[in-house]
Amino acid sequence: MKKLFLLTLFIGLAAITFAQRKVVCCSNPSATQQFAMLASNPQFKMSHKNPLPFRFQSSIGETITYKTSDGKQASAFFMKAKKPTNNYLLVIHEWWGLNDYVKKESEKLYNDLGNVNIIDLDLYDGKVATTREDAGKFMQAVNDDRARAIVNGAIAYAGTGAHIATIGWCFGGGWSLQTSLLAGKKAVACVMYYGMPEQDINKLKTLNTDVLGNFANKDQWINPKVVAKFEADMKAAGKKVYLHQYDADHGFANPSNPIYNSEATKDAYANTLTFLKARLK
């Protein structure tokens, strides 16, 4: 009886300890974790219609692998510049994963920017979602430490003299900013499409580049209030952010999304090109 009591007490204390650790772990989630939590929101999930089937075969890019600091490997889609250059654009996918829509957009950027190397990062380690249910699972399953290892591996792949610009949409919008933070002095430009901003002003103070933000006023999550706070935080950190806010909804630049807004997408892309070209010289 005494043994049973002690066993029950041990299990109870272990459960309390685990619960306390979980609360501590999740009571102050990072910006990327906050965005990942949105996958549990039925409205957020339903706002992302399943992408239309699409197939794109690039004549420029190829799949590469590189080592990561956690002892593993990562894969990416790489488009090499026509002439030797230290200019790199790191592209981070939406919550769907590194699919053909992202690769097509990257090739468009490659052609329009001129002489630049482009690396499409894969923070899902090969998983690509075709349904919003899977997209939510994949996004929530991303481990921050693993994601940073993938990002840092790509930065190392670019080389010591690299000038690094970043761009991403949705899930990748937030990770575009995180990638620029990780790039340190190598960072020269950051573009965010409706992604979760970093809210730690001390981290923003370490940012080495200006930020261009393309946001949607109808976005229920990365809404005008969130954007206004980001603008204030960047100012407090002594950094510049150029905001473009459209009368559109979250995901407006994705052609596979029924709420795709061609006018907003065209304007955002034009501003993005101008911003990147001025910094990738």
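Going along each chain's sequence as written, the residues are numbered from 1 onward. With pLDDT at 70 or above as the cut-off, local features in this predicted model cover only qualifying residues; side-chain atom pairs require 80 or more to be listed or tallied, and sums for whole chains, interfaces and linings still use all residues. The basis for every side-chain value is the complete set of non-hydrogen atoms in the structure, without hydrogens or water.

- The protein goes by Dienelactone hydrolase family protein in an unreviewed UniProt entry, where it is assigned to Mucilaginibacter rubeus.

Side note on the overall build of the protein
Alright, step 1. Each helix corresponds to a stretch of at least 4 residues labelled H or I by DSSP, and each strand to a stretch of at least 2 residues labelled E; elements are numbered beginning at the N terminus. Helix and strand counts for the protein come out as ten helices and eight strands.
Alright, step 2. As defined in this context, the radius of gyration uses C-alpha atoms, and a globule is described by 2.2 Å times the residue total to the power 0.38. Its C-alpha atoms give the protein a radius of gyration of 20 Å, within 12% of the compact-globule value 19 Å for 281 residues.
Alright, step 3. Out of the 281 residues in the protein, the part that is buried amounts to 49%.
Alright, step 4. Every accessible area reported is derived by Shrake-Rupley at a probe size of 1.4 Å, with residue values counting cover from the shown protein chains alone. When the accessible area of the protein is evaluated, it comes to approximately 14100 Å², of which 55% is carbon and sulfur surface. Relative accessibility thresholds used throughout: buried, under 20% of the residue-type maximum; exposed, over 50%; partly exposed, between the two (1.4 Å probe, protein chains only).

Remarks on the packing of aromatic side chains
Given two aromatic rings, their pairing is described by the distance between the two centres and the angle made by the two planes.
Alright, step 1. Two aromatic rings from Phe, Tyr or Trp, using only the six-membered ring of Trp, form a pair when their centres are within 6.5 Å; if the ring planes differ by under 30 degrees the pair is stacked, by over 60 it is edge-to-face, and anything between is tilted. Going through the model one piece at a time under the given rule, you end up with 15 aromatic pairs.
Alright, step 2. Centroid distance Trp169 to Tyr193: 6.0 Å. Interplanar angle 40°. Geometry classified as tilted. Taken together, the positions of Trp169 in strand E5 (residues 163-169) and Tyr193 in strand E6 (residues 187-193) put the pair 24 residues apart, joining distant regions of the chain. One exposure class covers both Trp169 and Tyr193, and it is buried.
Alright, step 3. Relative to Phe252, the ring of Tyr193 has its centre 6.4 Å away and its plane inclined at 45°; by these criteria the two rings are tilted. One end of the pair, Tyr193, is in strand E6; the other, Phe252, is in the loop between strand E8 (241-246) and helix H10 (262-279), with 59 residues separating them in the sequence.

Re the nonpolar core
Alright, step 1. Within this scheme, the nonpolar core is defined by two criteria: the residues are buried Ala, Val, Leu, Ile, Met, Phe, Trp, Tyr or Cys, and they are joined through side-chain atoms within 4.5 Å. Ranked by size, the top nonpolar core spans 85 residues in total, and within it Leu89, Trp95, Tyr193 and Phe252 carry the most contacts.
Alright, step 2. The contact rule is simple, with two residues in contact once any of their heavy atoms fall within 4.5 Å. Leu89 has contacts with Leu109, Leu113, Val116, Asn117, Ile118, Ile119, Ala165, Thr166, Ile167 and Leu276, leaving out every residue within four places of it along the chain.

A closer look at the environment of Lys49
Alright, step 1. Its place among the elements puts Lys49 in the loop between helix H3 (42-46) and strand E1 (62-67).
Alright, step 2. Filtering out sequence-adjacent residues up to four positions away, Lys49 remains in contact with Trp96, Arg132 and Pro258.

Quick look at the packing of helix H4 (residues 100-113) against H10
Alright, step 1. Throughout, an axis means a line fitted to C-alpha atoms (over the contacting stretch in the case of helices), and angles, computed between N-to-C directions, take values from 0 to 180 degrees. Between H4 and H10, the shortest axis-to-axis distance is 11 Å and the interhelical angle comes to 55°. Of the possible angle classes, the one that applies to H4 and H10 is oblique. Handedness of the crossing formed by H4 with H10: right-handed. Contact residues: Glu105, Lys108, Leu109, Asp112 and Leu113 in H4; Tyr269, Leu273, Leu276 and Lys277 in H10.
Alright, step 2. A class-by-class count of the residues in the contact of H4 with H10 yields five nonpolar, no polar and four charged. Any angle that falls under 35 degrees is termed roughly parallel, while one over 145 is termed roughly antiparallel, one within 65 to 115 roughly perpendicular, and all others oblique. Here is the rule for handedness: rotate from the far helix to the near one, and if that takes an anticlockwise turn smaller than a right angle the crossing is left-handed, while a clockwise turn gives right-handed. The residue classification treats Ala, Val, Leu, Ile, Met, Phe, Trp, Tyr, Cys and Pro as nonpolar and Asp, Glu, Lys and Arg as charged. All others, Gly included, are polar.

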